[in-house]
Each structure stands twice: as structure tokens, then as C-alpha cells.
Amino acid sequence: MIRALKGLRLARSARVCPAGGGRWPRYLALLALLCGAVLSCDRAPSGGELVLYTSIDEPVARPIIQEYERNSGVKVVLVTDTEASKSIGLAERLRAEKDRPRCDVWWGNEPFHTIRLAEEGLFAPFDSPSAGDVLPLYRDRHQRWVGNGLRARVIICSSHDSNSLNRLDELPAFAGQSAMARPTAGTTAGHVAALYEVWGTERADAFFRALREGGITLLGGNGPVAEAVAGGRFRFGLTDNDDVAHVARHNNSITFRIPPVDSTIDGTLMIPTTVALVAKPTENPHARSLVDYLLSSDVERKLIEARFAGWSVRGGDTQPPAMQIDYVQVARRLPEAIRRATAILDARAP
């Protein structure tokens, strides 16, 4: 449009066409120029900027976001966090900004902190067209968040140890040869809370006490746990499937098991990434477009191809048995479960 206006000024300063042409050719040329400018505006990218808070590993998230930027013309400011404080640090940041959030869209690497933020009123309901086929287990009934792409809590071990552990509650027998992240770190927090929900306080306390008494080593995150097992420091480790996939690129003798929680409850904790629209006094006009994109089956496929997610929130024949839990109830247990497990593992009274 700016070029068209410049052309208009130039045309006004030009000489009138010679006899036989008159002024009409000049007016028609200007009209064509203006119409072309309007049409080109319709075809141009929409522009603008969005802020996305995400605890997805940046090497996984960035190319996905770059594709959205290319297709939409919208710049996305990607705000990430460190391995040890993933989700927790960003959640606290969003809480601190509650009255004037900088963030427009939330993309968490787990559901529990997302749920707690939703219950605090930090997310706006949005019925995304991309989420219609997501299983009910992985979506909020109030439409404040939806999952996309599933990870699983697993036991990493060497291939020759793959049949040594059949159930999670057998881990204390191998605790002196095992590692796990501190209960405050990443998805470990949700796993701890899920165990308190499934087993109850007394049995969960006993499990973590047995791990401590057996000599389990606590590390700063799930990634370091996987690296320590791959490096031969430990036989077993509690971690996520994507951390195993990362170290397995350089060590093909490493594998993982997805054991049931115990002999009566089949399934392990399945961890969806979670997408939410941040509640703001003035909603960013591009925010819903980014939420739709992040919840699409195409993005889920990219997460699986990157070996971050392992399975689909839309179901499928290859799904491992999932722990049938109420994610909201587990999220509500989170602070107390973290407190109790941490105290026990640190040899303090819970």
C-alpha cells in the first residue's frame, strides 16, 4: 500500500498523456496499482508477535515453532527453562505475572503444573478444533488445557538387565544400584504424586523409605539419571522415555522397561504435553491459532518423530498400559506428595 501511495504522488507530478490518450489511461493505471496493493496485502503474512512459555526441550520445540512462524508470519518469542526446574520455574514465573501476563500460550511438558495453574484461573477456556479426537483422559473437562503427545515414566537399564525388574515396587531391592531425580525435579514430581494417589500415603511412604534405606542416589533431573545409567554408574534409573532415547543414540545397549505399578494395578504414568491459552485482559489475536497448531496431530507426529513423545493422546494399538488416574486429583496431591517423599529420601520425618 505504501508503494501504491508513492506511485500516486509520482503520477501526479507526471505530464498529462498526449492527445488521444487523455487523462483516463493515467487514472486506470493508478486504479490498477491500488488494487494490486490491496490484493498483495491480503496475501501477505499477518505479522505480529506471540510469547510462548514452554518446558518442552528446546531442540524439539524450536523447529516446530519455526514452522508455525513460516506459515503464519507471526513471530513467536520462545521462553524456556532449565532441566532441573522445568515447568516449576515457568509456572512460578506465570504466577508472578498473573495480573499482567507476558505469556500468551503455555506449552508444558507435563500435565500437573498445568492443571494447578488452570485451577488458579491463569488459563482461559478454549474448545480447540484440533483437539476433538483427544482421549478424555488427556483433556480438561472445562476446556482450559488439552494434551498432545505422550511420554511414559520408565525404568532405564542395560539390555541384559531388562528382565530383572518386573514391578516398580521391586525397585527397593536394587536401590543401591539405582538413581532417580529428586522429587522436586521435572516429571518426577508428578510420578511421586501419582504413586501417593494410587497407593495411598502409608504405602507410598514405605516405598520411598525403602528406597532411602536401600541407598538410592538422587540426581538433579531425569536427563542426568539416564546419562548415569548409560555411563555405567548405575544398573537402574527412574526417568522418562525421551531421556532414554537421547542416551540410546550413543549407547545401543541401553533400553527401558514400562513395568506396572504393582501386581494389582497395570500401567505406568503416561505424561502428555499440555497446551493452554493464557487468560489475559486483552487476548493476543494470534494466540488461538498457535494453540490449534500445537494441538494438531501433525505436531504430535513431529514430537514422536523427534523421539520426545512415544505415543499418541488419540489412542492406538501400540500404547503401553496407562495408569488410570484422575490427573486433577494427582495435581492437587502434588505439593504434599513432594514434601513427604523429599523428607523421607533426605532421612527426615515427613
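A brief structural summary. Quick caveat, the model's predicted, so the values are computed rather than measured.

### Thoughts on the overall build of the protein chain
Summing up its helical and strand segments, the protein chain has twelve helices and ten strands in all. Counting all 350 residues of the protein chain, 51% fall into the buried class. For the protein chain, long-range pairs separated by at least 24 residues make up 77% of all intrachain contacts whose partners lie at least 6 apart in sequence. Surface exposure of the protein chain reaches about 16,100 Å², of which carbon and sulfur atoms provide 52%.

### Focus on helix 7 (residues 201-214)
Along its 14 residues, helix 7 runs 20 Å from first to last C-alpha, staying within 8% of the 20 Å computed at 1.5 Å per residue. Within the span of helix 7, buried status applies to Ala-204, Asp-205, Phe-207, Phe-208 and Leu-211. Along the axis of helix 7, the buried residues cluster in a sector spanning 160°; they form a single face. Of the residues in helix 7, the exposed ones pointing more than 90 degrees away from the buried face are Glu-202 and Glu-213.

### Some thoughts on the packing of helix 4 (residues 88-96) against helix 5 (residues 112-119)
Axis separation between helix 4 and helix 5 bottoms out at 10 Å; the angle between their running directions is 10°. By the angle class used here, helix 4 and helix 5 are roughly parallel. As for the relative orientation of helix 4 and helix 5, their crossing is right-handed in sense. Residues Ile-88, Ala-91, Leu-94 and Arg-95 of helix 4 touch helix 5, and the partners they reach there are His-113, Arg-116 and Leu-117. Residues belonging to the contact of helix 4 with helix 5 are distributed by class as follows: four nonpolar, one polar and two charged.

### Observations regarding helix 9 (residues 241-248)
Burial within helix 9 is extensive, with six of its eight residues counted as buried. Within helix 9, the full set of buried residues consists of Asn-241, Asp-242, Asp-243, Val-244, Ala-245 and Val-247. The inward-facing, buried residues of helix 9 contact strand 5 (146-158), helix 8 (222-230), strand 8 (236-240) and strand 9 (254-257).

### A short note on the pattern of salt bridges
Inspection of every chain in the model, using the stated rule, returns 30 salt bridges. Residue Glu-119 is joined to Arg-332 by a salt bridge in which the shortest nitrogen-to-oxygen separation is 2.8 Å. Placement of Glu-119 in helix 5 and of Arg-332 in helix 12 (residues 327-345) is noted, with a sequence separation of 213 residues between them. Look at Glu-119 and you get partly exposed, because its relative accessible area is 37%.

### Structural notes on the packing of aromatic side chains
In the structure shown here, the tally under the stated rule is eight aromatic pairs. Consider the rings of Phe-112 and Tyr-327, whose centres lie 5.7 Å apart with planes at 20°: the pair is stacked. Within this pair, whereas Phe-112 is found in helix 5, its partner Tyr-327 is found in helix 12, the two being separated by 215 residues in sequence. With respect to class, Phe-112 is no different from Tyr-327; both count as buried.

### Focus: the pairing of strand 1 (residues 49-54)
A large share of strand 1 lies buried, amounting to five of its six residues. Traced from strand 1 through helix 3 (residues 58-72) to strand 2 (residues 75-79), the parallel crossover comes out right-handed. Across three bridges, strand 1 lies against strand 3 (residues 105-108) in parallel orientation. Each residue of the ladder has a partner; that of Leu-52, found in strand 3, is Val-105.

Cut-offs applied
Residues numbered from 1 in each chain as written. Predicted model: local features only at pLDDT ≥ 70, side-chain atom pairs only at ≥ 80, totals over all residues. Heavy atoms only, no water. Helix = DSSP H or I, 4+ residues; strand = E, 2+ residues; numbered from the N terminus. Buried < 20%, exposed > 50% of the residue type's maximum accessible area, 1.4 Å probe, protein only. Contact = heavy atoms within 4.5 Å. Areas by Shrake-Rupley, 256 points an atom, 1.4 Å probe, with all protein chains shown as cover. Expected span 1.5 Å × (residues − 1). Arc of directions from axis to C-beta. Axes fitted to C-alpha atoms, helices over the stretch in contact; angles between N-to-C directions. Parallel < 35°, antiparallel > 145°, perpendicular 65-115°, else oblique. Left-handed = near helix turned anticlockwise from the far one by under 90°. Nonpolar A, V, L, I, M, F, W, Y, C, P; charged D, E, K, R; others polar. Salt bridge = Lys/Arg side-chain N within 4 Å of Asp/Glu carboxyl O. Phe/Tyr/Trp six-rings, centres within 6.5 Å; stacked < 30°, edge-to-face > 60°. Right-handed = clockwise from strand over helix to strand, strands pointing away. Pairing = 2+ DSSP bridges.

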